Amino acid sequence: MEVAELQQILAKPKRIVICSHFKPDGDAIGSSLGLALILKKMGHEINVIMPSLYPEFLDGLEGSREILIFNQAIPLGVRMIEAAELIFCLDFNDLSRTNVMQPYLENASAPKVLIDHHLDPKDFADFVRSKPQASSTCEMIFDWMQEMDLGHLLDKDIANCLLTGLITDTGRFKFALSPNVFHITSKLLAVGGDIEQINRNIFDSFSEDRLRLLGFSLTERMQVFPDLKAAYIALSIEDYKKFNFKIGDNEGLVNFPLSMKDTVFSTLISETDDVIKFSFRSQGDFAVNEFAKKYFKGGGHKNASGGRYHGKFKEAIAYFEQKMKEYKETLNQEALNQTSE
């Protein structure tokens, strides 16, 4: 499906579903709501469906209250998918990332449009925009607007949605940066996008429990390996319960160890009821997506990736430490490279 064909499809009102991945983050929600606002302006009937709940700090975005949480309303979600005439799949590269929604999306008769910045997209969509070098799916939605001659529809609400993904997926403009990121940001600010308010909503609206979880994680659960230029934080189910954990409360936690001098590899290890989850972050050329793929059935971006381990919590930590230590020379060299730049 080419651009002209998609333009033709969108020329008349359609019933459209927009979906993203399980446990959606700022980029997933921002890109989905931004696209929803664009398509609504074009006269389409839009349903935004997320497989699971998203962090409360994203509630301020226009349209967030209309999001259907699929695992809380499966019959209604299924009816929406079955009735859809077009389905947009944002910020994921494999239908398995939609968790409980996967079989219904696979069986949907509507053509699918994939817009995503993760590596190695699976072959499930009719129209594909895959750009791993992009900072975020929100960056890609802005570029898609231009490509589809929809730039005139840009307004403050759309801008705030897209800025949310840009801010979160670049770590507040610290990584995954390019001239295009700042070009887009300037355009979004020009129509009224409010970076200060978005930052307040995401980073300055912690609950007391979330702030105490952060302090506990850094003082009681962070392990530092100076000889490896690495650190990790490991949180058990009981740790999370102690602080009344809500979705999004550990957002950004994995980045804190990277603020230590000479640390180039940081990991958050989280115990859940069915799997041990790993979030990896790095600086420079240490590719955590390759590390995640090789040892933890994961993947993602070079400097931001994730994985999982099926087994006991302590076993997962021991296995991770063993594999991490095999990269001692590589990590130390990367730390030297960072110092010399």
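Above: the structure in question.
Residues numbered from 1 in each chain as written. Predicted model: local features only at pLDDT ≥ 70, side-chain atom pairs only at ≥ 80, totals over all residues. Heavy atoms only, no water.

**Student:** Mind laying out the nonpolar core, listing which residues take part and the relevant values?
**Tutor:** Judged by nonpolar contacts, the single largest core of 51 residues is most densely connected at Ile18, Leu39, Phe88, Trp144 and Leu188. Judged by nonpolar contacts, the second largest core, of 26 residues, contains Tyr232, Ala234, Phe313 and Met324. (Core = buried A, V, L, I, M, F, W, Y, C linked by side-chain atoms within 4.5 Å. Buried < 20%, exposed > 50% of the residue type's maximum accessible area, 1.4 Å probe, protein only.)

**Student:** How would you summarise the pattern of salt bridges if you had to cite specific residues and measurements?
**Tutor:** In the structure shown here, the tally under the stated rule is eleven salt bridges. Between lysine 246 and glutamate 56 there is a salt bridge, with the nearest N and O atoms lying 3.9 Å from each other. Of this pair, lysine 246 sits in the loop between helix H10 (237-242) and strand S9 (265-271) while glutamate 56 sits in the loop between strand S2 (45-50) and strand S3 (68-69), and the two are 190 residues apart along the sequence. Residue class for lysine 246 comes out partly exposed when judged on its relative accessible area of 47%. (Salt bridge = Lys/Arg side-chain N within 4 Å of Asp/Glu carboxyl O. Helix = DSSP H or I, 4+ residues; strand = E, 2+ residues; numbered from the N terminus.)

**Student:** Break down the sheet that holds strand S4 (residues 86-90) for me, with residues and values.
**Tutor:** Strand order in this open sheet of six strands is S3-S2-S1-S4-S5-S6, and the pairing throughout is parallel. Sheet topology places S3 and strand S6 (127-130) at the edges, where each strand pairs with a single neighbour. Where S2 meets S3, two bridges bridge the pair, whose relative direction is parallel. The residue bridging methionine 50 from the neighbouring strand is isoleucine 69, located in S3. Contacts between helix H2 (residues 26-41) and the sheet are confined to strand S1 (15-19), S2 and S4, with S2 contributing the most and set at about 170° to the helix. Contacting S4, strand S5 (112-116) and S6, helix H5 (residues 137-147) runs over the sheet at an angle of about 125° to S5. (Pairing = 2+ DSSP bridges. Contact = heavy atoms within 4.5 Å. Axes fitted to C-alpha atoms, helices over the stretch in contact; angles between N-to-C directions.)

**Student:** Hey, could you go over the sheet that holds strand S12 (residues 304-309) for me, with residue numbers and the actual values?
**Tutor:** As summarised here, the arrangement of the six strands in space is S7-S8-S9-S10-S12-S11, forming an open sheet in which the pairing is mixed. Of all the strands in the sheet, the pair left with one neighbour each is strand S7 (222-225) and strand S11 (299-300). Bridge count for S7 against strand S8 (residues 230-235) is four bridges, and the pairing is antiparallel. Among the inter-strand pairings, glutamine 223 is bridged to a residue of S8, identified as tyrosine 232. Contacts from helix H9 (residues 208-220) reach S7 and S8, with the element oriented near 125° to S8. Packed on one face of the sheet, helix H12 (residues 313-325) meets S7, S8, S9, strand S10 (276-282) and S12 and runs near 165° to S9.

**Student:** Describe unusual backbone geometry, with residues and values.
**Tutor:** What you tend to see is this: most non-glycine residues have negative phi, and most peptide bonds are trans. You will see that lysine 23, though not glycine, has its phi angle at about 50°, which is positive. Checked against the element boundaries, lysine 23 lands in the loop between S1 and H2. One non-glycine residue with positive phi stands out, namely alanine 176, at about 55°. As for its position among the elements, alanine 176 is in the loop between helix H6 (156-169) and helix H7 (179-190).

**Student:** I'd love a proper account of helix H11 (residues 288-295), names of residues and values included.
**Tutor:** Among all positions in H11, only Val288, Asn289, Phe291, Ala292 and Tyr295 are buried. Along the long axis of H11, the arc covered by the buried residues comes to 160°, so they all point the same way. Residues of H11 that are exposed and point more than 90 degrees away from the buried face comprise Glu290, Lys293 and Lys294. Elements that come into contact with the buried residues of H11 comprise S9, S10, S11, S12 and H12. Looking one or two residues past H11, lysine 297 carries a phi angle of roughly 50°, positive in sign. (Arc of directions from axis to C-beta.)

**Student:** Tell me what's going on with the packing of aromatic side chains, and back it up with residues and numbers.
**Tutor:** Summed over all chains, the structure comprises 28 aromatic pairs. Ring geometry for tyrosine 240 versus phenylalanine 245: centroids 4.5 Å apart, planes at 55°, classification tilted. Residue class for tyrosine 240 comes out buried when judged on its relative accessible area of 8%. For phenylalanine 245, a relative accessible area of 32% gives the class partly exposed. Judged by centre distance (5.7 Å) and plane angle (80°), the rings of phenylalanine 286 and tyrosine 327 are edge-to-face. (Phe/Tyr/Trp six-rings, centres within 6.5 Å; stacked < 30°, edge-to-face > 60°.)

**Student:** Requested: an account of the side chain of arginine 210, with residues and values cited.
**Tutor:** Mapping arginine 210 onto the fold places it in helix H9. As a buried residue without a salt bridge, arginine 210 has its nearest oppositely charged side chain in aspartate 249, at a separation of 4.5 Å. In this structure, arginine 210 is in contact with Phe57, Ile202, Gly248, Asp249 and Glu251, ignoring residues within four places of it in sequence. (Lys, Arg positive; Asp, Glu negative; His and termini not counted.)

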